[in-house]
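# Chains, contacts and geometry: an overview
Given next are the chains, with one letter for each unit.
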Amino acid sequence: MEIIKYAFFQKALVACVLSGIACGIIGVWVVVMRISFIGVSISHSAFAGSLLAILIKKPVQLFSFIFTLITSSILGPFSDRTQLHPETSMGIIFSLTLGLSFLFLGLIPESKSEALNYMWGSILTVDILDIYFLFAITIFVFFFDFLFFREIKALLFNRELAKANGFYSTIFFYLILYILGLSITFLLKIVGGLLVYALIVNPASSAYQITYNIKKMFFLSVIFGILSTISGLFISSTLNIPTGASIILFSGLLFVFCFLFSPKRRKNEK
């Protein structure tokens, strides 16, 4: 526990709490709307953008966000205009972004340590600027969900029905995709481009096993997100293993626990 007195670990703890809150809220959007594959595509596009930025020596967050914006903007129209099933179009974009990621990684001439940090995460290296960005996006996500809770709730349950009732479902759907991309951009350094999406999905999926109430689901998802990040940080510090992997493994085990003892599952079995 002596490590808590060090400034770098204190910053990591703050980053864990902020990441848990943001991922907990966004995760409910993703899980309830069943757009997990969209999120995977966006997270890999953010990773590809970060590698391109490293390759050409440009700001990483800027290029990551640009890539997520492009991906978010073409997913829906691409599916509609090509008359493909949404999962097919998402699979194509996912494969393209993954291919670009490994292409850019292979083209980086010097040490690939920075690129690997964005692949696997490096939460212990977050600086005060990273904390400010995480705080800003967390506050933005919280107030967006709070101010437009009625519209988001309608969208979560049925996008077409929300549109029929006069809600701007398409606008809010794309806003959610853009916010998802923005959040992933600033979470890459926490758990890495290949693992970041699990931090969004796992806590919300755990909460989904416990309750049908959407407000309780948001609350539990945030709690599980914070618990996963902080526990993973302490486990990695104790066992000297990668922090990003520890966070994701803990969140996965938490989901298994919630699934096994889910009151919803027991009710369905009866």
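Below: a short report on this structure.

Conventions adopted
- Residues numbered from 1 in each chain as written.
- Predicted model: local features only at pLDDT ≥ 70, side-chain atom pairs only at ≥ 80, totals over all residues.
- Heavy atoms only, no water.
- Helix = DSSP H or I, 4+ residues; strand = E, 2+ residues; numbered from the N terminus.
- Buried < 20%, exposed > 50% of the residue type's maximum accessible area, 1.4 Å probe, protein only.
- Polar contact = N/O pair within 3.5 Å; in protein donor to acceptor, adjacent residues only side chain to side chain.
- Axes fitted to C-alpha atoms, helices over the stretch in contact; angles between N-to-C directions.
- Parallel < 35°, antiparallel > 145°, perpendicular 65-115°, else oblique.
- Left-handed = near helix turned anticlockwise from the far one by under 90°.
- Contact = heavy atoms within 4.5 Å.
- Patch = residues over 30% accessible without salt bridge, like charges linked within 9 Å, V, L, I, M, F, W, Y side chains within 5 Å.
- Areas by Shrake-Rupley, 256 points an atom, 1.4 Å probe, with all protein chains shown as cover.
- Salt bridge = Lys/Arg side-chain N within 4 Å of Asp/Glu carboxyl O.
- Expected span 1.5 Å × (residues − 1).
- Arc of directions from axis to C-beta.
- 1 Å grid on protein atoms, 1.4 Å probe; cavity = no way out; pocket = protein on both sides within 12 Å on 5 of 7 lines; lining within 4 Å.
- Points joined across faces, edges and corners; volume = space filled by probe spheres on them.
- Nonpolar A, V, L, I, M, F, W, Y, C, P; charged D, E, K, R; others polar.

## A short note on the environment of T71
Relative to the helices and strands, T71 resides in helix α3 (residues 60-81). On the basis of relative accessible area, T71 is assigned to the buried category, the value being 4%. A distance of 3.2 Å separates polar atoms of two side chains, one belonging to T71 and the other to S45.

## Notes on the packing of helix α1 (residues 7-33) against helix α6 (residues 128-147)
Viewed as axis vectors pointing N to C, α1 and α6 meet at an angle of 30°, and their least axial separation amounts to 9 Å. Classed by the angle they form, the pair α1 and α6 counts as roughly parallel. The handedness of the crossing between α1 and α6 comes out as left-handed. Between α1 and α6, the contacting residues are K11, V14, A15, L18, S19, I21, A22, I25, I26 and W29 on the first element and I128, I131, L134, F135, T138, V141, F142, F144 and D145 on the second.

## Remarks on a nonpolar patch on the surface
Taken together, F135, I139, F142, F143, F146, L147 and F148 make up a surface patch of nonpolar side chains, about 700 Å² in accessible area. Structurally, the position occupied by F142 is in helix α6. For F142, a relative accessible area of 41% corresponds to the partly exposed category.

## Overview of α6
For α6, with 20 residues, the first-to-last C-alpha span of 28 Å sits near the 28 Å given by 1.5 Å per residue. Within α6, burial applies to D130, I131, L134, I137, T138, V141, F144 and D145. With its buried residues spanning 165° around the axis, α6 presents them on a single face. Across α6 from its buried face, at more than 90 degrees, point the exposed residues Y132, F146 and L147.

## With respect to the layout of surface pockets
For the second largest pocket, the calculated volume is near 270 Å³. Every residue lining the second largest pocket is listed: I21, I25, F142, D145, F146, F149, K215, F218, F219 and V222. For the lining of the second largest pocket, the elements supplying multiple residues, two or more each, are α1, α6 and α11 (214-239). At four residues, the largest contribution of residues to the lining of the second largest pocket is made by α11. The class makeup of the residues in the lining of the second largest pocket is eight nonpolar, no polar and two charged.

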